[in-house]
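A structural walkthrough
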Number of protein chains: 2
Amino acid sequence: MAQALGLSKAAMSGLARDLIQLGILREADTIYGQGRPSIRLDLHPDCAFFVGVSLLQDPAPMILGNLNGEIIARAEIPLSRDPAVIADAISEALPTLLSAHPVAAEKLAGIGVALSGFVDETRKNCVQSTLLNWQDVPLADLVRDKTGIETFLENDAKAVAVDEKLFGSAREIQNFSVVSLGDGIGCAHFIDGRLYRGNHGGAGEIAHCTIEPGGAPCRCGKRGCLDTVASMKAIKEMSRAEGFECVSLAEIENQASSGNTAAIRILHRAGSALGLAIANLIQMNDPGLILITHVEGSFDGLFGTVVNQAIETNVLPRYAGQTPIRIRRVDGDIWARGAASIAAHHFILGPNP
Amino acid sequence: MAQALGLSKAAMSGLARDLIQLGILREADTIYGQGRPSIRLDLHPDCAFFVGVSLLQDPAPMILGNLNGEIIARAEIPLSRDPAVIADAISEALPTLLSAHPVAAEKLAGIGVALSGFVDETRKNCVQSTLLNWQDVPLADLVRDKTGIETFLENDAKAVAVDEKLFGSAREIQNFSVVSLGDGIGCAHFIDGRLYRGNHGGAGEIAHCTIEPGGAPCRCGKRGCLDTVASMKAIKEMSRAEGFECVSLAEIENQASSGNTAAIRILHRAGSALGLAIANLIQMNDPGLILITHVEGSFDGLFGTVVNQAIETNVLPRYAGQTPIRIRRVDGDIWARGAASIAAHHFILGPNP
DNA sequence: ACACTAAGTTTAGAAAGTGAACAAATCAAC
DNA sequence: GTTGATTTGTTCACTTTCTAAACTTAGTGT
């Protein structure tokens, strides 16, 4: 099976034996068919461990994961805007986290940190983060100096995309985009099986696509960005401005289904905007899958319906329905998971994947 | 110099000698510095020839190109909607075209055909073309059967992008997008040094991004597509609807500069729409270059100015001006050139570039 | 129990790449 | 000029890696 990837049977045989001896591969199940059964190989999950930290929440989740993408242990550290304080906190929390597994400490292969903002192509420096108020912060090296472990940064949505490609539901898909709905809107593309970071690390900045030309001012400095209309933060703020305070999408959905016209209007506006942006993404990049991850509950209410409708009506009719849209409810650890995946990705595929 | 690409000096030496003996490489100029001068190698332009045909115009241009991207000969064939007639016409025009160069006939390595529409991933079949009214037409095999030469199809904008990457001004750039303005609007992306065709071959269909939600109906079936506002065809139609007939952009620019408010309005609307679409492209994909090719004259009038303004105002301020926009005036042979480049691309890089 | 099939292993031999030494072509300094 | 420094390009013995073909192994089908 795996031999068709360019090598002869003999070479495979030798390589596999070496890797099994090194403890990296192991023989999994046997597949019966005609002739001698074949033995499937898989990665030995205990051969490397990774730590992931999300700087999107306070407290910041920190997880220990293995090569199967399973979470082995979890901790939290207080969020800070001071890079040195964060590096210290990670370093201090590390021993406890590693104690969850007997060999994790000696086989810790990398630390990943997910944050909202731009990361340079070395994945070592945060070029800019509005949320953290950072500019050219070499956080990866700070963490590495404190912990002695190789560390990588990544944008939140890109980290989620890598997680989905390595361990999630996009494993087999070469071209897909992740749209990650949280307080903000993130997006990242996998193209030809590789994460596409863009020329300045800014690929996927869908949140600041202009959706309503001349619309409301955005904190980024321009007007009518998708972020001002369709992010959960914007939806909640609009509901507050309309006089009914809601802390979750589900609450606004409730208001809408019980006839609150303002709530209906807000969800319509947000859903159409998000749908239009996704439709433009489909037109522009023709991905094989759009994976929408959301931390809020219900995506099957008005908001989700409008999003789907808006996608349908704004995609070339020939294509309508051709691009699968997959919705995935995720928990708040998704970014920490993604961060760990960044470290795993580097471990598996090396510096130039 | 070139050795740093993974091989030792010794290996390079042997390989280069072999390729020179085969007539594929040749020793070009010598570069003097400290120490023994180095000899630059380049492709021998006479080692392979390619034919390119554009089905975007009537008559359809047909060119003979070499490995340097130079046009050696040119012909025209009548355009037809019947694939068999086209294959015949190409086959009949071939001998005359090849007679322009003594060794072209024996070293003809491929034929490329550029068309407006979708091409499958084998580059052999046209899945759909509105302009030609085609659906699942295996034109490449028809041409190959008639001529005996391996043939490849490609979408017009993608062919132009390949031309720019191989022989044009984007040779060194890994990530760029081409926006090709003709009667319609085409777009194609190079990502990580490879043409990105999209999951259904539809990447770059910027012309049918919704720019004016609920706007004018488009021939594609939806509303408010960029194509209905900013294509040269649309601009000319709008001018006709306003009562002044124009056959070129330059004419409308003239009208506008002499105070015709309708002309100014049309150019403003078209320019803002195109600029917004390009801005969204930049936000979405963060390319290292946007290359706008246009066959019409003047891009330095009102239209061009508005396009540039709209890009500036709709791109994340942090990015504004970070993405170079290059404008390139091209002649009507651009698509035939691109088509030849598709064949060259296949010759140089093989089936899976 | 028998052939049949396909996976995995072993072997010798070919292919391809490496490293070090060496030859060649130029510049710079005396 | 001559000499030495410098860097490119070549040669050659050696090593690594892969392949092809024969062989072994572990199942299925009759």
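Computed from a predicted structure; not experimentally measured.

What counts, and where the lines are drawn
Residues numbered from 1 in each chain as written. Chains lettered and ligands numbered in written order. Predicted model: local features only at pLDDT ≥ 70, side-chain atom pairs only at ≥ 80, totals over all residues. Heavy atoms only, no water. Helix = DSSP H or I, 4+ residues; strand = E, 2+ residues; numbered from the N terminus. Rg over C-alpha atoms; globule rule 2.2 N^0.38 Å. Buried < 20%, exposed > 50% of the residue type's maximum accessible area, 1.4 Å probe, protein only. Contact = heavy atoms within 4.5 Å. Areas by Shrake-Rupley, 256 points an atom, 1.4 Å probe, with all protein chains shown as cover. Lys, Arg positive; Asp, Glu negative; His and termini not counted. Charge placed at Lys NZ, Arg CZ, Asp CG, Glu CD. Buried area = accessible area lost by both parts, 1.4 Å probe. Salt bridge = Lys/Arg side-chain N within 4 Å of Asp/Glu carboxyl O. Polar contact = N/O pair within 3.5 Å; in protein donor to acceptor, adjacent residues only side chain to side chain. Nonpolar A, V, L, I, M, F, W, Y, C, P; charged D, E, K, R; others polar. Near = heavy atom within 4 Å. Least-squares fit on C-alpha atoms with pLDDT ≥ 70 in both. Pairing = 2+ DSSP bridges. Domains from an automatic or database assignment. Arc of directions from axis to C-beta. Axes fitted to C-alpha atoms, helices over the stretch in contact; angles between N-to-C directions. Parallel < 35°, antiparallel > 145°, perpendicular 65-115°, else oblique.

**Comments concerning the overall build of chain A**
Each helix and strand in chain A was counted, giving 10 helices and 15 strands. In terms of C-alpha radius of gyration, chain A reaches 22 Å, essentially the compact-globule figure of 20 Å for 353 residues. In terms of overall dimensions, chain A has a C-alpha envelope of 65 × 55 × 40 Å along the principal axes. Each of the 353 residues in chain A was classed as buried or not, and the buried ones make up 55%. Considering only contacts in chain A between residues 6 or more positions apart, those separated by 24 or more positions represent 58%. Looking at chain A as shown, the accessible area adds up to about 14900 Å², and 51% of this sits on carbon and sulfur atoms. A distance of 4 Å separates the average location of the 30 positive side-chain charges in chain A from that of its 39 negative side-chain charges.

**So, the interface of chain A and chain B**
Each side of the interface is counted separately: chain A has 45 residues, and chain B has 45 residues. Contact with chain B buries area across many residues of chain A, yet A:Tyr196, A:His200 and A:Met284 alone supply 19% of it, more than any other trio. Measuring nitrogen to oxygen at the nearest pair gives 3.3 Å for the salt bridge that ties B:Asp192 to A:Arg194. Linking chain A with chain B are 30 residue pairs in polar contact (both at pLDDT 80 or more). When contributions to the side of chain A that touches chain B are tallied by element, the ones reaching two or more residues are strand E8 (126–129), strand E12 (185–191), strand E13 (194–196), helix H8 (261–285) and helix H9 (302–314) of chain A. Residues that form the side of chain A that touches chain B fall into these classes: 18 nonpolar, 20 polar and 7 charged.

**Let's talk about the protein's contact with DNA strand D**
Taken together, 20 residues form the shell around DNA strand D, and within it A:Ser8, B:Ser13, B:Arg17, B:Gly35 and B:Ile39 come nearest. Atoms of DNA strand D within 4 Å of the protein: sugar and phosphate make up 60%, bases the balance. Within the side chain of A:Arg36, an N or O atom sits 3.3 Å from a base oxygen of DNA strand D. Within the side chain of B:Lys9, an N or O atom sits 3.1 Å from a base oxygen of DNA strand D.

**Quick look at the protein's contact with DNA strand C**
In the neighbourhood of DNA strand C, 21 residues make up the surrounding shell, with A:Ser13, A:Arg17, A:Gly35, A:Ile39 and B:Ser8 lying closest. Here, DNA strand C places atoms within 4 Å of the protein, and 62% of those atoms are sugar or phosphate. Between DNA strand C and A:Gln34, the relevant distance is 3.4 Å, taken from a sugar or linking oxygen to a main-chain nitrogen or oxygen of the residue. At 3.0 Å from a sugar or linking oxygen of DNA strand C is found a main-chain nitrogen or oxygen belonging to A:Arg36. Looking at the surface near DNA strand C, the elements with two or more residues in it are helix H1 (9–21) and strand E2 (38–43) of chain A together with helix H1 (9–21) of chain B. Considering every element that reaches the surface near DNA strand C, the biggest residue donor is H1(A), with 4 residues.

**A few points about the pattern of salt bridges**
Residue and element names in this part refer to chain B. Counting across every chain of the model gives 36 salt bridges over all chains. The shortest N-O distance in the salt bridge between Arg337 and Asp163 comes to 3.2 Å. Note that Arg337 is positioned in helix H10 (residues 334–349) and Asp163 in helix H4 (residues 156–166), a separation of 174 residues in sequence. With relative accessibility at 2%, the residue Asp163 sits in the buried group.

**Considering the relation of the copies chain A and chain B**
Here chain A sits on chain B after a turn of 180° about the axis and a move of 0.0 Å along it, with an RMSD of 0.1 Å. Here the two chains are linked by the operation of a two-fold rotation axis. A share of 100% of the interface residues of chain A reappears at the interface of chain B, consistent with the copies meeting face to face through the same patch.

**Re the sheet that holds strand E9 (residues 134–137) of chain B**
All names here are of chain B. Read across the open sheet, the 3 strands follow the order E7-E8-E9; overall the sheet is antiparallel. Both outer strands of the open sheet, strand E7 (118–119) and E9, are each paired with one neighbouring strand and no more. Looking at chain direction, strand E8 (residues 126–129) and E9 are connected through 3 bridges and run antiparallel. The residue of E9 that forms the bridge with Gln128 is Gln135.

**Quick word on the domain arrangement of chain A**
All names here are of chain A. Along its sequence, chain A is organised into domain 1 (2–43), domain 2 (47–162 + 334–349) and domain 3 (174–288 + 296–329). Its C-alpha centre places domain 2 at a distance of 27 Å from the equivalent point of domain 3. Every contact between the two is made by 14 residues of domain 2 and, on the other side, 16 residues of domain 3. Summed over both sides, the interface of domain 2 with domain 3 buries roughly 1200 Å², with 61% coming from carbon and sulfur. For the domain 2 face of the interface with domain 3, the top three residues by lost area are Phe118, Lys158 and Ala161, together amounting to 42%. The closest approach of N and O atoms between Glu154 and Arg197, which form a salt bridge, is 3.1 Å. Broken down by secondary-structure element, the contributors of at least two residues to the side of domain 2 that touches domain 3 are strand E7 (118–119), strand E10 (151–155), helix H4 (156–166) and helix H10 (334–349). Top contributing element to the side of domain 2 that touches domain 3 by residue count: H4, with 5 residues. Residues that form the side of domain 2 that touches domain 3 fall into these classes: 8 nonpolar, 1 polar and 5 charged.

**Remarks on the pairing of strand E1 (residues 25–31) of chain B**
Residue and element names in this part refer to chain B. Alignment of E1 against strand E2 (residues 38–43), held across 5 bridges, turns out to be antiparallel. Paired with Thr30 across the strands is Ile39, a residue of E2. Once E1 ends, the chain turns through 6 residues before running back antiparallel as E2, passing Gly35 with a positive phi of about 85°.

**Considering H4(A)**
Of all 11 residues that make up H4(A), 11 are buried, and the element is covered over most of its length. Between the side-chain oxygen of the N-cap and the backbone nitrogen of A:Ala157 there are 3.0 Å, and the N-cap of H4(A) in question is A:Asn155.

**So, helix H3 (residues 139–147) of chain A**
Residues and elements named next belong to chain A. Within the span of H3, buried status applies to Leu139, Ala140, Val143 and Thr147. One side of H3 carries all its buried residues, which in axial view fall inside an arc of 100°. Among the structural elements, helix H2 (83–98), strand E6 (108–115), strand E9 (134–137) and E10 are those in contact with the buried residues of H3. Looking at the residues trailing H3, positive phi occurs at Gly148, about 80°.

**Quick word on the packing of H8(A) against helix H8 (residues 261–285) of chain B**
The contact between H8(A) and H8(B) brings their axes to 11 Å, and the two run at 85°. Between H8(A) and H8(B), the crossing angle belongs to the class labelled roughly perpendicular. Contacts from A:Ala277, A:Asn280, A:Leu281, A:Met284 and A:Asn285 of H8(A) reach H8(B) at B:Ala277, B:Asn280, B:Leu281, B:Met284 and B:Asn285. Grouping the amino acids of the contact of H8(A) with H8(B) by side-chain chemistry returns 6 nonpolar, 4 polar and no charged.

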